[in-house]
Amino acid sequence: MTLVGLDDTDSRERGMCTTYVAARLAERLRREGTVERCCLVRLNPAVPYKTRGNAALAVHTDVGPARAFELATEAVAGAAETGDPDTNPGVVVAPGRPESVPDTVAGFSRRAVREEVDPAEARSLADASDYRHEGWKLGRGVVGALAAVGAWRAWQVEAGFDGPTCEVIAYREPERWGTPREVDRDSVFAAAGTEYPSVWDTVDRVEGETVCVPHTPGPVLHGIRGEDPAACRRVSEAIRSEPVERRETFVTNQGTDAHLRDGDLRGVEEARAYRLDGTVASAPETEQGGHVFFDLADGEARLRCAAFEPTKRFRDRVRALRVGDRLTVCGEVSADTLKLEKFAVRGLVTVEPVTPTCPDCGRRMSSAGRGQGYRCRDCGTSAEGKVDRPVERDLEEGWYEVPPVARRHVAKPLVRGGFDAPTHPER
Ligand SMILES: [Zn+2]
């Protein structure tokens, strides 16, 4: 067996796409042998230099390592948009079974999904493992390529990781790239309904969006995500559209929350994504542009949490929070702000302290002076302090999430299950 890792052939402006290069390479390898699977690995979405979606790819094949390396470097050199200064492609080729990758490489893969790793470390680890590798320009792509090589093993051994998902991607004919996509909306919504919830995030029913169809100028016509490759393929094939040049099935860490680490509000670092417990410490406020912010606290530590405008109706859930609510929040931290992907309500404030009303006349009492409680001037009644009044809440305990239209690739949709509290899935 040979594991071929590829990374960073995406270009923001020119619209190449690493998954397409991998699909083409897989086709080429199938002419000389077999391809066992293609893996699509989403790396840490919080790193500052990320390419669009920050994806790396691995192709598992029985073509020998030397020949596979030749074909892979050819495919990447031909396809990588190296005119774009932000594109730094890399290739790593490893001999052996995907499940026998050494722990060092599996560990590297796991870290590349959760933090920022150094290209020099990737190169020296590839050397130490006797892997063929090549990097173009800054060679940053070797990080993703090596992470892709180790991904399958990482998915098998990582505690708490409940397995990869899949995506079936349909590609456009090259002469249509950059032109508007011809996809029949009704057929997308109909197909999405037939396999839900095994297939998820195909559409956003509230926003009326075909989430599976990208808006970028690249080669992807649509990508269907879910638990089961056969179900994804049925949905993909049921969509009416312009001609599909090719389809490829990827095994992936998308929709798994693989980027999240359990953390503590006192120890958060930039460019990492967390699952954190805390208490709402400031009332949510909507700022210019429709972004909603509040502070979360744990003891003395505070962290600003944000639901940005593109998260749409999720912001109403955030606005419904009150000071004192206990939460678990999930998202990446950058610029000292956690960008909310989902949160769990652990405890809701159900009463608020209010000035007491007079038992005789029913009017609000007034302060009897500092520290002296309240009294009714008309009736002479008094009360020692504020009293609790029940508050109506629009939230329940359990998990809330951004809608499909705002989902990060790697974030786990609630409909997938396995959460530690009731869920309120968006679809
Ligand atoms: Zn009164």
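Residues numbered from 1 in each chain as written. Predicted model: local features only at pLDDT ≥ 70, side-chain atom pairs only at ≥ 80, totals over all residues. Heavy atoms only, no water.

### Let's talk about the overall build of the chain
- Counting its secondary structure elements, the chain contains eight helices and 23 strands.
- If you line up the chain on its principal axes, its C-alpha atoms span 95 × 50 × 35 Å.
- Counting only contacts in the chain whose residues sit at least 6 apart along the sequence, the fraction spanning at least 24 positions is 69%.
- Summed over all atoms, the accessible surface of the chain reaches about 18,300 Å², with 45% contributed by carbon and sulfur.
- The averaged location of the 70 negative side-chain charges in the chain is 2 Å from the averaged location of its 60 positive side-chain charges. (Helix = DSSP H or I, 4+ residues; strand = E, 2+ residues; numbered from the N terminus. Contact = heavy atoms within 4.5 Å. Areas by Shrake-Rupley, 256 points an atom, 1.4 Å probe, with all protein chains shown as cover. Lys, Arg positive; Asp, Glu negative; His and termini not counted. Charge placed at Lys NZ, Arg CZ, Asp CG, Glu CD.)

### A few points about the state of the cysteines
- Counted under the stated rule, the structure contains zero disulfides.
- The closest cysteine sulfur to the non-disulfide-bonded Cys232 is located on Cys166, 3.6 Å from its own sulfur. (Disulfide = S-S within 2.5 Å.)

### As for empty space enclosed by the protein
- All chains considered together, the criterion is met by four cavities of 30 Å³ or more.
- Quantified by volume, the second largest cavity comes out at close to 110 Å³.
- Lining the second largest cavity are 14 residues, and of these Tyr196, Trp200, Asp201, Thr202 and Val203 lie nearest its centre. (1 Å grid on protein atoms, 1.4 Å probe; cavity = no way out; pocket = protein on both sides within 12 Å on 5 of 7 lines; lining within 4 Å. Points joined across faces, edges and corners; volume = space filled by probe spheres on them.)

### Section: the pattern of salt bridges
- Applying the stated criterion across every chain, the model contains 46 salt bridges.
- Linking Glu32 and Arg67 is a salt bridge whose minimum nitrogen-to-oxygen distance equals 2.8 Å. Of the two residues, Glu32 is situated in the loop between α1 (18–30) and β2 (35–42) and Arg67 in helix α2 (residues 65–79); the sequence distance between them amounts to 35 residues.
- The class of Glu32 is partly exposed, set by a relative accessible area of 37%.
- You can call Arg67 partly exposed: its relative accessible area is 28%.
- Where Arg319 meets Asp316, a salt bridge forms, and the shortest distance between an N and an O atom there is 2.9 Å. Of this pair, Arg319 and Asp316 both sit in helix α8 (residues 314–319), separated by three residues, roughly a single helical turn.
- Each of Arg111, Glu115, Glu121, Arg261, Glu269 and Arg272 takes part in salt bridges that share partners, so that together they form one network. (Salt bridge = Lys/Arg side-chain N within 4 Å of Asp/Glu carboxyl O. Buried < 20%, exposed > 50% of the residue type's maximum accessible area, 1.4 Å probe, protein only.)

### Quick word on the packing of aromatic side chains
- Taken as a whole and judged by the stated rule, the model has eight aromatic pairs.
- Ring geometry for Trp399 against Phe419: centres 5.6 Å apart, planes inclined by 55°, an arrangement best described as tilted. Placement of the pair is Trp399 in strand β22 (residues 398–401) and Phe419 in the loop between β22 and β23 (423–424), with a sequence separation of 20 residues. Neither residue differs from the other here; Trp399 and Phe419 are each classed as buried.
- In this arrangement the basic side chain of Arg37 is found over the ring face of Trp152, its NZ or CZ atom lying 3.7 Å from the centre. (Phe/Tyr/Trp six-rings, centres within 6.5 Å; stacked < 30°, edge-to-face > 60°. Lys NZ or Arg CZ within 6 Å of the ring centre and 35° of its normal.)

### Details of the sheet that holds strand β18 (residues 366–367)
- Spatially, three strands are ordered β18-β19-β20 in an open sheet, and the strand pairing comes out antiparallel. Bordering the open sheet on either side are β18 and β20 (382–383), each of which pairs with just one other strand.
- With two bridges joining them, β18 and strand β19 (residues 374–375) adopt antiparallel strand pairing. Residue pairing for β19: Ser366 is matched across the bridge by Arg375. (Pairing = 2+ DSSP bridges.)

### Describing the pairing of strand β6 (residues 165–172)
- Of all eight residues in β6, eight are buried; the element is thus mostly enclosed.
- Of the two faces of β6, the one holding Thr165, Glu167, Ile169 and Tyr171 and the one holding Cys166, Val168, Ala170 and Arg172 are both buried throughout.
- In this structure, β6 lies alongside strand β8 (residues 220–226), joined through six bridges in antiparallel fashion. Along β8, the bridge assignment pairs Tyr171 with Val220.

### Remarks on helix α5 (residues 141–157)
- Taking 1.5 Å of rise per residue, 17 residues should cover 24 Å, and α5 covers 24 Å from first to last C-alpha, within 8% of that figure.
- At Ala151, α5 shows its strongest bend, of approximately 50°.
- With 15 of 17 residues buried, α5 lies mostly within the body of the structure. (Expected span 1.5 Å × (residues − 1). Bend = angle between axes of the 7 residues up to and from the residue.)

### With respect to the side chain of Arg42
- Structurally, Arg42 is set in strand β2.
- Buried and unpaired, Arg42 has no salt bridge, with Glu167 as the nearest side chain of opposite charge at 4.8 Å.
- A polar contact of 2.9 Å, which involves the side chain of Arg42, links it to the side chain of Gln254. (Polar contact = N/O pair within 3.5 Å; in protein donor to acceptor, adjacent residues only side chain to side chain.)

### Focus: the nonpolar core
- Ranked by internal contacts, the top residues of the largest apolar core, which has 32 residues, are Val41, Phe108, Tyr131, Leu146 and Trp155.
- Those elements that place two or more of their residues in this core are β2, β3 (55–61), β4 (90–95), α3 (103–114), α4 (119–128) and α5.
- With 10 residues, the top contributor of residues to this core is α5.
- Not counting residues within four places of it along the chain, the set of residues in contact with Phe108 comprises Val117, Glu121, Ala122, Leu125, Val143, Leu146 and Ala147. (Core = buried A, V, L, I, M, F, W, Y, C linked by side-chain atoms within 4.5 Å.)

### Re the coordination of the zinc ion
- The zinc ion binds to the protein through Cys358 (SG), Cys361 (SG), Cys376 (SG) and Cys379 (SG); the donor distances cover 2.3 to 2.4 Å.
- Bound by four donor atoms, the zinc ion shows angles of 105 to 114° at the metal and therefore tetrahedral coordination geometry.
- Written as a sequence motif, the donor residues of the zinc ion are C-x2-C-x14-C-x2-C. A residue pair is termed long-range when its members are at least 10 positions apart, and Cys361 in the loop between β17 (351–354) and β18 and Cys379 in the loop between β19 and β20 qualify at 18 residues.
- Accessibility expressed as a relative area gives 32% for Cys361, which makes it partly exposed.
- Owing to a relative accessible area of 35%, Cys379 belongs among the partly exposed residues under this scheme. (Donors = N, O, S within 2.8 Å, 3.2 Å for Na, K, Ca; no water. Tetrahedral: all angles 85-135°; square planar, octahedral: opposite > 155°, others 65-115°.)

### Description of the sheet that holds strand β7 (residues 199–200)
- Ordered in space as β5-β4-β1-β3-β2-β9-β6-β8-β7, the nine strands form an open sheet in which the pairing is mixed. Single-partner strands in this sheet number two, and they are β5 (132–135) and β7.
- With six bridges connecting them, strand β1 (residues 2–7) and β3 associate as antiparallel partners. Bridging from a neighbouring strand, Leu6 pairs with Leu57 of β3.

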